[in-house]
Amino acid sequence: RGNQPSRKSNYQIEYLHYYIKNNIFKMIYQSITIILALLSVSITAKFYLKEDFNDDGWKKRWTVPTDWRPKAELGDWKWTEGEFPGKAGDRGIQTSEDARFYGLSAKLSEEFTNKDKELVIQLSVKHEQNLDCGGAYIKLLGDIDQSKFGGDTPYQIMFGPDICGYSNRRTHVIFNYPPKNDNLLIKEDVKVETDNLSHLYTLVVRPDNTYEVLIDQESVRKGSLETDWDFLPPKEIKDPNVSKPADWVDDKVIPDPNDKKPDNWDDIPAEIPDPDASKPEDWDDEEDGEWEPPLIDNPEYKGPWKPKQIDNPAYKGEWVHPLIPNPAYKEDKELYIRANKSLYVGFELWQVKSGTIFDDIIVTDSFDEAMNYADATFKQKKGPEKAAFDKSEEEKKAAEAAARASSGSSDEEEYEEHDEL
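Residues numbered from 1 in each chain as written. Predicted model: local features only at pLDDT ≥ 70, side-chain atom pairs only at ≥ 80, totals over all residues. Heavy atoms only, no water.

### A short note on the overall build of the protein chain
To keep it simple, the criterion reads: Strands here are runs of E lasting at least two residues and helices are runs of H or I lasting at least four, both read from the DSSP assignment and numbered beginning at the N terminus. Partly exposed describes any residue whose relative accessible area lies between the buried limit of under 20% and the exposed limit of over 50%, with all areas from a 1.4 Å probe on protein chains only and scaled to the type maximum. What sets the accessible areas is the Shrake-Rupley method with a 1.4 Å probe; for residues, cover comes only from the shown protein chains.
Counting secondary structure elements, the protein chain contains six helices and 22 strands. For the protein chain, the proportion of its 421 residues judged to be buried stands at 37%. Carbon together with sulfur atoms contributes 50% to the accessible area of the protein chain, which is approximately 26,600 Å² in total.

### Focus: the pattern of salt bridges
As a reminder, the rule being used: Salt bridges are defined by distance alone: a side-chain nitrogen of Lys or Arg within 4 Å of a carboxyl oxygen of Asp or Glu.
Using the criterion set out here, one finds 22 salt bridges in the structure. Notably, a salt bridge pairs Lys-381 with Asp-90, separated by 2.9 Å at the nearest N-O pair. Residue Lys-381 is found in helix α6 (residues 378-420), and its partner Asp-90 is found in the loop between β3 (77-80) and β4 (92-95); the two are separated by 291 residues along the sequence. One exposure class covers both Lys-381 and Asp-90, and it is buried. Between Asp-359 and Lys-381 there is a salt bridge whose closest N-O contact spans 3.4 Å. Of this pair, Asp-359 sits in strand β22 (residues 356-364) while Lys-381 sits in helix α6, and the two are 22 residues apart along the sequence. Linked by salt bridges that have partners in common, Asp-90, Asp-359, Asp-360 and Lys-381 make up one network.

### Points about the packing of aromatic side chains
Two aromatic rings, taken as a pair, are described by how far apart their centres are and by the angle between their planes. Put simply, the rule reads: Stacked, tilted and edge-to-face are the three classes assigned to paired rings of Phe, Tyr and Trp, where Trp is represented by its six-membered ring and a pair needs centres within 6.5 Å; plane angles under 30 degrees give stacked, over 60 edge-to-face, the rest tilted. Whether a charge sits over a ring comes down to the Lys NZ or Arg CZ being within 6 Å of the ring centre and within 35 degrees of the ring normal.
Tallying each qualifying case throughout the model produces 17 aromatic pairs. Relative to Phe-231, the ring of Trp-229 has its centre 6.2 Å away and its plane inclined at 45°; by these criteria the two rings are tilted. A relative accessible area of 1% means that Phe-231 is categorised as buried. Linked through ring pairs, Phe-53, Trp-58, Trp-62, Trp-77, Tyr-102, Phe-347 and Phe-358 together constitute an aromatic cluster. If you follow Arg-206 out to its NZ or CZ, it ends over the ring of Phe-367, 5.2 Å from the centre.

### Topic: unusual backbone geometry
Phi is positive for Phe-53, which is not a glycine, with a value near 60°. Mapped onto the elements of the fold, Phe-53 is located in the loop between β1 (47-51) and α2 (58-61). In this structure, Asp-216 takes a positive phi of about 55° despite not being glycine. Here Asp-216 is to be found in the loop between β13 (210-215) and β14 (218-224).

### What about the pairing of strand β21 (residues 342-351)?
Side chains on a regular strand alternate between the two faces of the sheet. Note the threshold: Strands are labelled as partners when DSSP assigns at least two bridges between them.
Within β21, nine of the 10 residues are buried, which leaves the element mostly enclosed by the surrounding structure. Relative to β21, strand β5 (residues 100-112) runs antiparallel, the two sharing nine bridges. When the bridges of β21 are listed, Phe-112 appears paired with Ser-342. Pairing between strand β8 (residues 138-141) and β21: three bridges, direction antiparallel. Residue Lys-139 lies in a different strand from β21, and its bridge partner there is Gly-346.

Below, the structure is given as structure tokens:
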């Protein structure tokens, strides 16, 4: 019996087996649940547009609005890798002519209404031209005539960067709201990137009536649709039947009634003759008149007398107008449905200086899938593109320095030759 395990030991072993068995099943169950959830997102998520412009078939997928403006006013879209691509063979479309309008639209794979779904618009934008004035935004559209698509075509969403000078630099987030028949701008401007590198702009609208804007997969603005746009009237308004009482005292301070002006206060002049001035030697009193020294500010002058201020004993505080529920306010739980039978996306732009490249454009109903796509495209190219850009800038600086040195040497030789003559 001395070598046999005790009852206590048997119990501990059985409990250990039970604990391991149950936790293994629990871990397996949790893992399967996570996998199924991910598969569910992947299966149900849809891309209504996915455009990387890496094949020449893009011209068949996108249509230039030939009836929008005269041909001479429309700039050509250039299919290119750009000056410093982040990946060999990766192309986008680029504005190629200065002071031109640019139009282009593409049809979604199917009609899109984001009821009970997320709405995500994402695109890459690169300004190779040191853009001084021009738009780079995309529009989500309903059913349109692509040949006539232009600035007057109704749209549902306008999203993306817009730069013109130093005062107008923002990322547009504009929603059309049919009940108001108006295009509503976000109340507070969203930042924009202005360098020469590619930047990824993402807009996501969620079924809980919230939104988020990301640049390069980093959140730069998020909040409530109702709060950050004027979709709806305010929930509360000032009570029209109430006004500030006539006897309400809202002056914090008053002049001290016991303060008295000093007797000699008004005897001090604001200006006095300059004591350091002297009559010029060539001054002639008969011809020039009696000389008077110029006047200067009197350091003793204290200005008009005012009694000192004291706390007002009758002060009641700042009057606050009472608020009441606004009878015109009606909650809209479907503010987030900003894609309603959407069928197209399009660019209608004006650029003073061309050179903007657009790439990796998607419209989807899954933010997670949008980020996965960004990981596979933008994120892979971001680092190499920056390295290529930095190398290009270094080469430009070296070439400029060499040109200056060469010019200086030529000038010196020319001077020596002239000196010899």
